[in-house]
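Residues per chain are reported as follows:
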Amino acid sequence: MTDAEFDDAVNDALDSLPDELMSRLDNVVVLVEDEHPTEDLLGLYEGVALTERFEYSGHLPDVIHIYRLPILDLAEDEHDARREIAVTVAHEIGHHFGIDDERLHELGFG
């Protein structure tokens, strides 16, 4: 999978999420990077979850990182990579909404 194909798969994953969910994203950016500098992660949410925002004005955007190389290493083929990208994107967006890892795993986004 080329870098451009990976980026397209991330965009497809975002486009596949319900409009009601996407319309509630607030001050968040999604970045594709090769890998986390110190940990073996598929994705990472950095920010203040919507459930924790009380005095929030002036904050920089939350960032969802999607890590290309670990996902591609895990995937057996392009179809598998696209599925893992979709799960990872949904998982990290779940964190933006304040959902913890345990609940995301129960929902099938682990």
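Residues numbered from 1 in each chain as written. Predicted model: local features only at pLDDT ≥ 70, side-chain atom pairs only at ≥ 80, totals over all residues. Heavy atoms only, no water.

The protein is annotated in an unreviewed UniProt entry as Metallopeptidase family protein of Rhodococcoides corynebacterioides.

Caption draft 1: How the structure looks around the overall build of the protein. Within the protein, the secondary structure is distributed over five helices and three strands. Seen in sequence order, the protein has helices and strands lined up from the N terminus as α-α-β-β-β-α-α-α. Considering only C-alpha atoms, the protein reaches an extent of 45 × 30 × 25 Å along its principal axes. In the protein, which comprises 110 residues, the share counted as buried stands at 35%. Contacts spanning at least 24 positions in sequence make up 68% of the contacts within the protein whose residues lie at least 6 apart. (Helix = DSSP H or I, 4+ residues; strand = E, 2+ residues; numbered from the N terminus. Buried < 20%, exposed > 50% of the residue type's maximum accessible area, 1.4 Å probe, protein only. Contact = heavy atoms within 4.5 Å.)

Caption draft 2: How the structure looks around helix α1 (residues 3-16). The terminal C-alpha atoms of α1 lie 20 Å apart, and with 14 residues this matches the ideal 20 Å at 1.5 Å per residue to within 8%. When α1 is considered as a whole, its buried residues turn out to be F6, A9, V10, A13 and L14. Viewed end-on, α1 has its buried residues packed into an arc of 140 degrees, placing them on one side of the element. Seen from the open side of α1, the exposed residues pointing more than 90 degrees away from its buried face are D15 and S16. Next to the buried residues of α1 lie α2 (19-22), β1 (28-33), β3 (62-67), α3 (68-74) and α4 (78-96). (Expected span 1.5 Å × (residues − 1). Arc of directions from axis to C-beta.)

Caption draft 3: Spotlight on the sheet that holds β1. Read from one edge of the open sheet, three strands run β1-β3-β2, paired in mixed fashion. Because the sheet does not close on itself, it has two edges, and the strands there are β1 and β2 (43-46). Averaged over all pairs of adjacent strands, the angle between strand axes in this sheet comes to 15 degrees, irrespective of strand direction. Pairing analysis gives four bridges linking β2 to β3, with the strands arranged antiparallel. Opposite G43, over in β3, you have I66 as the bridge partner. Most of the contacts of α1 go to β1, to which it runs at about 150 degrees, and overall it touches β1 and β3. (Pairing = 2+ DSSP bridges. Axes fitted to C-alpha atoms, helices over the stretch in contact; angles between N-to-C directions.)

Caption draft 4: Geometry of the packing of α1 against α4. Look at α1 against α4: their axes get within 9 Å of each other, and the N-to-C directions meet at 50 degrees. One element, α1, and the other, α4, form an angle in the oblique class. Taken as a pair, α1 and α4 cross one another with a handedness that is right-handed. Contact residues: α1 offers E5, F6, A9, V10, D12, A13 and L14, while α4 offers R82, I85, A86, V89 and I93. (Parallel < 35°, antiparallel > 145°, perpendicular 65-115°, else oblique. Left-handed = near helix turned anticlockwise from the far one by under 90°.)

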